[in-house]
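Structural overview
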Amino acid sequence: MSSKLYCIYSNKEIDREKCNVEHIIPLSLGGSNDFTILVDKHLNSTVGNKVDGNFHSDPLMKMKLIKSSFRGHSGKLPRLDLKKSKTIDGKPIIVSFTEKGLELFDPIKRKEIINIGSLQLKTEFMINPHIRIKFICKVALAAGFFVYGNTFLEHADHDSLRRIVFSKDLKEEIGKVNGLRFYDNLRKVEDKDKGQAGLIKMQINYLKGSSVLFTLSKTRVIVHLGIAGEYVGSVNLKANSDMFPNEGEFKFGRVLVCKEGRLYQDSYWHSVDRMLRNLEK
């Protein structure tokens, strides 16, 4: 066994002892121990904190995760705490959403508020679309290598994905990267893309689990991401797609879905065909 292996995050061969396991979709987002690669442990830590962690903390994603009851390494159920909340008369309050429903906590008296009654509240939270872009690119980068191996390295623009994932100033970096196109469920879909976008969203919803879908066009690879059966977004990157496998288990692309801790894989063509047949029943 070689003492070195390739790391998709550093784009280098490194000592095996400097690597650890990266969950391409974290367990806390519905991933699987079968859907992993080995990467540089320091870069893995950076991605875990600044990409995976930030996406997991996104308020809209948190609300989705609460309904799914996914558990990460800690085994804790997800919850959303909105600490910038107040009663209508200005008293501070912490608003929390859990699998049990709405919970309120008085930080001054340090006790839970049991009788909510007609209590009126106001709160604020921030949605940062850049967090989604980074996470989508991270999954596309790691999953592209997981699925296609050296073909992805030799014939797809993985360098642009890597630059987005590890950028310190994403707005500036996006301006420097040529050819990447981003789509997510926070942006309006252009009329020309509505048909394909609708099919992708329908398929992700049908699959139910946390999924990654690869589709191919003449000069590009498009990677679509779903978490807990809900479309998150896509990244469209330059590629010499003629060099990618496009028959049998890879016909028209590839579908990977994590359900109940297991990873299932299929061709894009077979996955869509199975969905349409089942919907006709």
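In what follows, the structure referred to is the one given above.
A brief report on the enclosed structure follows. Computed from a prediction, not measured in an experiment: that's the story for all the values here. (Residues numbered from 1 in each chain as written. Predicted model: local features only at pLDDT ≥ 70, side-chain atom pairs only at ≥ 80, totals over all residues. Heavy atoms only, no water.)

**Comments concerning the sheet that holds strand β5 (residues 80–87)**
What counts is decided by this rule: Think of it this way: DSSP has to see at least two bridges between two strands before they count as a pair. Helix and strand assignments come from DSSP, with helices taken as H or I runs of at least 4 residues and strands as E runs of at least 2, each series counted from the N terminus. Angles here are taken between N-to-C directions and fall from 0 to 180 degrees, while the axes themselves are lines fitted to C-alpha atoms, restricted in helices to the stretch in contact. Whether two residues are in contact is decided by their heavy atoms, any of which lying within 4.5 Å being enough.
If you trace the 5 strands from one edge of the open sheet to the other, you get β8-β7-β6-β5-β9, paired in antiparallel fashion. Single-partner strands in this sheet number two, and they are β8 (111–113) and β9 (121–123). If you compare each strand with its neighbour and ignore which way they point, the axes differ by 40 degrees on average. Alignment of strand β6 (residues 92–98) against strand β7 (residues 101–106), held across 5 bridges, turns out to be antiparallel. If you follow I94 over to β7, its bridge partner there is F105. Helix α2 (residues 59–68) contacts β5 and β6 of the sheet and is inclined by roughly 115 degrees relative to β5.

**Let's talk about the packing of aromatic side chains**
Selection rule: Centre distance within 6.5 Å is the pairing criterion for rings of Phe, Tyr and Trp, where only the six-membered ring of Trp is used; planes under 30 degrees apart are then read as stacked, over 60 as edge-to-face, and the remainder as tilted. Criterion for a charge above a ring: Arg CZ or Lys NZ at most 6 Å from the ring centre, at most 35 degrees from the ring normal.
Summed over the entire model, instances satisfying the criterion amount to 7 aromatic pairs. Considering the side-chain rings of Y148 and F250, the 5.7 Å spacing of their centres and the 45 degrees angle between planes classify their relative orientation as tilted. Within this pair, whereas Y148 is found in helix α3 (residues 129–148), its partner F250 is found in the loop between β13 (230–238) and β14 (253–259), the two being separated by 102 residues in sequence. One residue, K251, lies across the ring of F252, its end atom 5.7 Å from the ring centre.

**Here's the deal with unusual backbone geometry**
Phi is positive for K208, which is not a glycine, with a value near 75 degrees. Turning to its location among the elements, K208 is positioned in the loop between α7 (194–207) and β11 (210–216). If you check the backbone angles, F252 has positive phi at about 65 degrees while not being a glycine. Looking at the secondary structure, you find F252 in the loop between β13 and β14.

**What to know about the environment of T123**
This is how it is decided: Burial here depends on accessible area, computed with a 1.4 Å probe over protein chains only, as a share of the maximum for the residue type. Under 20% is buried, over 50% is exposed, and the range in between is partly exposed. The term polar contact refers here to a pair of N or O atoms within 3.5 Å; inside protein, the definition further demands a hydrogen-donor-capable atom paired with an acceptor-capable atom, and it admits residues adjacent in sequence only when both atoms are side-chain atoms.
Position of T123 relative to the elements: it lies in strand β9. With a relative accessible area of 40%, T123 lands in the partly exposed category. Counting along the chain gives 48 residues from T123 to G75, while the straight-line C-alpha distance between them is 28 Å. Residues in contact with T123, not counting those within four places in the same chain, are L82, K84 and S85. At 3.3 Å, the side chain of T123 and the backbone oxygen of K84 are in polar contact.

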